[in-house]
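# Fold and geometry: a report
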Amino acid sequence: MARFHTNAAQAIKKADAMRHNFTTEDRLNVCQYITQKLALYREGGDRDEDLIVKRIHAGLDPTLAAQIPLRVYGNTIDEFTPRVYSAEYLARAQWNQYRAQMQQFVTTLRPV
């Protein structure tokens, strides 16, 4: 029994540590992030869907998370996931634009 609790706690701890970021998306895209994080929470015994959605949302790239407001209570995976995928294109475009602007800014600061 203690072994199960340890594995459950480890699964939740691993899920809580997961983050999605457009910078590292080649290693973990948004679909993989949601699927893996959801599986870890379920493996850990967490069945509170609203809390799981909020935890997944908190680990999204901030540009993407900002596009997806959550309700105070009653969020579901079935409703949340399509909203993430719908917002992903615009958020990535904004992120790419910001990154390009920052690179241009840094270039202008470098001495010649």
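### Notes on the overall build of the chain
Looking only at helices and strands, the chain has five helices and zero strands in total. Helices and strands appear in the chain in the N-to-C order α-α-α-α-α. Taken against the 2.2 N^0.38 rule, which gives 13 Å for 112 residues, the C-alpha radius of gyration of the chain at 17 Å runs more than 25% over that of a compact globule. Projected onto its principal axes, the C-alpha coordinates of the chain cover approximately 65 × 30 × 20 Å. Within the chain, the proportion of its 112 residues that are buried is 33%. The long-range share in the chain, meaning contacts at least 24 apart out of those at least 6 apart in sequence, stands at 54%. Of the roughly 7500 Å² that the chain leaves accessible, carbon and sulfur atoms contribute 57%. Once the 15 positive and 12 negative side-chain charges of the chain are each reduced to a mean point, those two points are 6 Å apart.

### Looking at the packing of helix α2 (residues 30-43) against helix α3 (residues 49-58)
Across the interface, α2 lies against α3 with an axial gap of 10 Å and an inter-helix angle of 140 degrees. As far as their axial angle goes, α3 and α2 are oblique. Here α2 runs over α3; the crossing is right-handed. From α2, Tyr33, Ile34, Lys37, Leu38 and Tyr41 reach across to α3, where they touch Ile52, Arg55 and Ile56.

### Details of the side chain of Asn75
Mapped onto the secondary structure, Asn75 falls in the loop between α4 (62-65) and α5 (77-109). Looking at Asn75, the relative accessible area reads 2%, which means it is buried. In terms of polar contacts, Asn75 uses its side chain to reach the side chain of Asp50, at 2.7 Å. With sequence-adjacent residues up to four places away left out, Asn75 is seen in contact with Glu49, Asp50, Val53, Lys54 and Leu70.

### Here we look at a nonpolar patch on the surface
A contiguous nonpolar surface patch, about 490 Å² in accessible area, is contributed by Tyr98, Met102, Phe105, Val106 and Leu109. With a relative accessible area of 46%, Phe105 lands in the partly exposed category.

### Let's talk about α3
Burial in α3 covers these residues: Asp50, Ile52, Val53, Ile56 and His57. In a view along the axis of α3, the buried residues occupy a sector of 160 degrees, so they form one face of it. For α3, the elements touching its buried residues are α2, α4 and α5. For α3, the capping residue at the N-terminal end is Asp48, with a side-chain oxygen 3.3 Å from the backbone nitrogen of Asp50.

Reading guide: rules and limits
- Residues numbered from 1 in each chain as written.
- Predicted model: local features only at pLDDT ≥ 70, side-chain atom pairs only at ≥ 80, totals over all residues.
- Heavy atoms only, no water.
- Helix = DSSP H or I, 4+ residues; strand = E, 2+ residues; numbered from the N terminus.
- Rg over C-alpha atoms; globule rule 2.2 N^0.38 Å.
- Buried < 20%, exposed > 50% of the residue type's maximum accessible area, 1.4 Å probe, protein only.
- Contact = heavy atoms within 4.5 Å.
- Areas by Shrake-Rupley, 256 points an atom, 1.4 Å probe, with all protein chains shown as cover.
- Lys, Arg positive; Asp, Glu negative; His and termini not counted.
- Charge placed at Lys NZ, Arg CZ, Asp CG, Glu CD.
- Axes fitted to C-alpha atoms, helices over the stretch in contact; angles between N-to-C directions.
- Parallel < 35°, antiparallel > 145°, perpendicular 65-115°, else oblique.
- Left-handed = near helix turned anticlockwise from the far one by under 90°.
- Polar contact = N/O pair within 3.5 Å; in protein donor to acceptor, adjacent residues only side chain to side chain.
- Patch = residues over 30% accessible without salt bridge, like charges linked within 9 Å, V, L, I, M, F, W, Y side chains within 5 Å.
- Salt bridge = Lys/Arg side-chain N within 4 Å of Asp/Glu carboxyl O.
- Arc of directions from axis to C-beta.

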